[in-house]
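Commentary on secondary and tertiary structure
Now for the letters of each chain:
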Amino acid sequence: MCTVCGCGDDDADRRPPEPAHRHAHDHAHGHHHDHEHGHDHDHAHAAEGTHDYGAGIAGVHVPGLSPERIVRIERDILSKNAEYAGANRARLKQRGIFALNLVSSPGSGKTSLLVRTIESLVSRHPIVVIEGDQQTSNDADRIRATGAPAVQVNTGKGCHLDAHMVGHALDELDPVRGSLLFIENVGNLVCPAAFDLGEAHKVVVLSVTEGEDKPLKYPDMFAAADLMLLNKSDLLPYLDFDLSACMANALRVNPGLQILTVSARTGEGVMAWLAWIEANAARAFAAAPPARAG
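What you see is a predicted model; the values in this text were computed from it and never measured.

Each value, and the rule that gives it
- Residues numbered from 1 in each chain as written.
- Predicted model: local features only at pLDDT ≥ 70, side-chain atom pairs only at ≥ 80, totals over all residues.
- Heavy atoms only, no water.
- Helix = DSSP H or I, 4+ residues; strand = E, 2+ residues; numbered from the N terminus.
- Buried < 20%, exposed > 50% of the residue type's maximum accessible area, 1.4 Å probe, protein only.
- Contact = heavy atoms within 4.5 Å.
- Areas by Shrake-Rupley, 256 points an atom, 1.4 Å probe, with all protein chains shown as cover.
- Pairing = 2+ DSSP bridges.
- Axes fitted to C-alpha atoms, helices over the stretch in contact; angles between N-to-C directions.
- Parallel < 35°, antiparallel > 145°, perpendicular 65-115°, else oblique.
- Left-handed = near helix turned anticlockwise from the far one by under 90°.
- Nonpolar A, V, L, I, M, F, W, Y, C, P; charged D, E, K, R; others polar.
- Core = buried A, V, L, I, M, F, W, Y, C linked by side-chain atoms within 4.5 Å.
- Phe/Tyr/Trp six-rings, centres within 6.5 Å; stacked < 30°, edge-to-face > 60°.
- Salt bridge = Lys/Arg side-chain N within 4 Å of Asp/Glu carboxyl O.
- Arc of directions from axis to C-beta.
- Polar contact = N/O pair within 3.5 Å; in protein donor to acceptor, adjacent residues only side chain to side chain.

Attention now goes to the overall build of the protein. If you tally the helices and strands in the protein, you get 8 helices and 11 strands. Relative to its full complement of 294 residues, the protein shows a buried share of 52%. Restricting to contacts in the protein with at least 6 residues of sequence separation, those with at least 24 account for 73%. Summed over all atoms, the accessible surface of the protein reaches about 12,700 Å², with 52% contributed by carbon and sulfur.

And the structure:
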């Protein structure tokens, strides 16, 4: 299992991929990519627009390895991921693309909230989406129904996206300047906290059905996020959920965390969420270098 998070494939000692190799692949959609980038990762296409990248750079297993070896591999994994994340971030900034990494546990309503968000913003911004799940293309299909292009990344046994996978998906999507990029990570409040994808901000979605102690149970995720969306607020009258205690717990972990209460179903608080996106995107677009002529 992976030294970082416990996910991976069945290879006993898989190392991070080497950088700076040419990667060319044909897609079932009828177009061809031949890019010079730092990705050297074979993958199979499970379905049109769906990619099985396995465990990405985090597929290192620990049975039989010494603690020292495990620590060394973990450092290599995170260091390699940081390289890919830095390349993604530079690429996004150069092209004036604002990226958000949406993280949560399964069942938080993250996809429903994302669908509502896209429907509200698609007339004002080009939008592309990277969907991460272990299996199926269900969420990407829901996103595509809004009209936004989406790539589904199936991680197999992997329990998070990494920057290497996101780089491949960016090749596929090729977003235009001024786009909003939403990365919906695999449902998991542990492992995605450790993996920078090159995004501008992590946004953690916590539903009120999960309990107000989640920020204390999973502090790394809430410490890594810039914004917490408390979703399913329409259920508050029917639950024994202490909203104030949840916010206090989150701020105890991360005093700088911004918090919004929203409902993907009723739309409560969604305007504040959209305003947060617009304000931060405007700053990112303004900071981007001028577009190159031609």
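Right, picking up where we left off after that structure.
Attention now moves to the pairing of strand 11 (residues 258-261). Both strand 10 (residues 227-231) and strand 11 contribute to a ladder of 4 bridges, which runs parallel. Looking at strand 11, one finds that leucine 229 is bridged to leucine 260.

The subject of this paragraph is unusual backbone geometry. Of note, the phi angle at aspartate 174 is positive, near 45°, even though the residue is not glycine. Under the relative-accessibility criterion, aspartate 174 is labelled partly exposed at 44%. The phi torsion at lysine 232 lies on the positive side, around 70°, for a residue other than glycine. The topology assignment puts lysine 232 in the loop between strand 10 and helix 7 (243-253). According to the relative accessible area criterion, lysine 232 is partly exposed, its value standing at 22%.

Looking now at the packing of helix 2 (residues 110-121) against helix 8 (residues 270-287). Helix 8 packs onto helix 2 with a crossing angle of 65° between their chain directions and a minimal axis gap of 11 Å. Accordingly, the angle class assigned to the pair helix 2 and helix 8 is roughly perpendicular. Judged by the twist between their axes, the crossing of helix 2 over helix 8 is right-handed. Here Leu113, Arg116, Thr117, Ser120 and Leu121 of helix 2 come into contact with helix 8, specifically with Val270, Trp273, Leu274, Ile277 and Glu278. Looking at the contact of helix 2 with helix 8 residue by residue, the class counts come to 6 nonpolar, 2 polar and 2 charged.

Core analysis: the largest hydrophobic core is formed by 29 residues, its most contacted members being Leu100, Phe182, Leu229, Trp273 and Ile277. For this core, the secondary structure elements donating two or more residues are strand 5 (98-104), helix 2, strand 6 (127-133), helix 3 (138-144), strand 8 (180-184), strand 9 (201-207), strand 10 and helix 8. Among the elements that make up this core, the one with the highest residue count is helix 8 (6 residues). Within the second largest apolar cluster, 16 residues are counted, among which are Leu92, Leu161, Leu170 and Leu197.

Taken as a whole, this structure holds 1 aromatic pair when the rule is applied. Aromatic side chains tryptophan 273 and tryptophan 276 sit 5.9 Å apart centroid to centroid with 20° between the ring planes, which places their arrangement in the stacked category. Within this pair, tryptophan 273 and its partner tryptophan 276 are both found in helix 8, separated by 3 residues, close to a single helical turn. Of the residues examined, tryptophan 273 reaches a relative accessible area of 2% and is grouped as buried. Since its relative accessible area comes to 7%, tryptophan 276 is described here as buried.

With respect to the helices and strands, the residue glycine 211 is situated in the loop between strand 9 and helix 5 (214-217). When the C-alpha atoms of glycine 211 and leucine 239 are compared, they prove to be 9.7 Å apart, with 28 residues separating the residues in sequence. Those residues within four positions of glycine 211 in sequence are excluded, and the remaining contacts are Leu206 and Phe241.

Turning our eyes to something else, we now look at the pattern of salt bridges. All chains considered together, the criterion is met by 11 salt bridges. Its salt-bridge partner being aspartate 196, residue arginine 89 comes within 2.8 Å of it at the nearest N-O pair. With arginine 89 in helix 1 (residues 67-94) and aspartate 196 in the loop between strand 8 and strand 9, this residue pair connects regions lying 107 residues apart in the sequence. Owing to a relative accessible area of 34%, arginine 89 belongs among the partly exposed residues under this scheme. By relative accessible area, which is 25% here, aspartate 196 ends up partly exposed. Note that aspartate 213 and lysine 214 form a salt bridge whose closest N and O atoms lie 3.9 Å from each other.

Here we come to helix 7. By the burial criterion, the buried members of helix 7 are Cys246, Asn249 and Ala250. Summarising the axial view, the buried residues of helix 7 lie within an arc of 95°, below the 170-degree limit, and thus occupy one face. Residues of helix 7 that are exposed and angled more than 90 degrees away from the buried face: Ser244 and Arg252. On the buried face of helix 7, the contacting elements are strand 9, helix 5, strand 10 and strand 11. Capping the start of helix 7 is the job of one residue whose side-chain oxygen sits 3.3 Å from the backbone nitrogen of serine 244: aspartate 242.

Here the focus is the pairing of strand 6. Within strand 6, 7 of the 7 residues are buried, leaving the element largely enclosed by the surrounding structure. Along strand 6, one buried face is formed by Ile127, Val129, Glu131 and Asp133 and the opposite face, lined by Val128, Ile130 and Gly132, is buried too. In the sheet, strand 6 pairs with strand 8 via 5 bridges, with the strands oriented parallel. Bridge pairing links isoleucine 127 to leucine 180 in strand 8. Inspection of the sheet shows strand 6 paired to strand 7 (residues 150-154) by 5 bridges, in the parallel sense.

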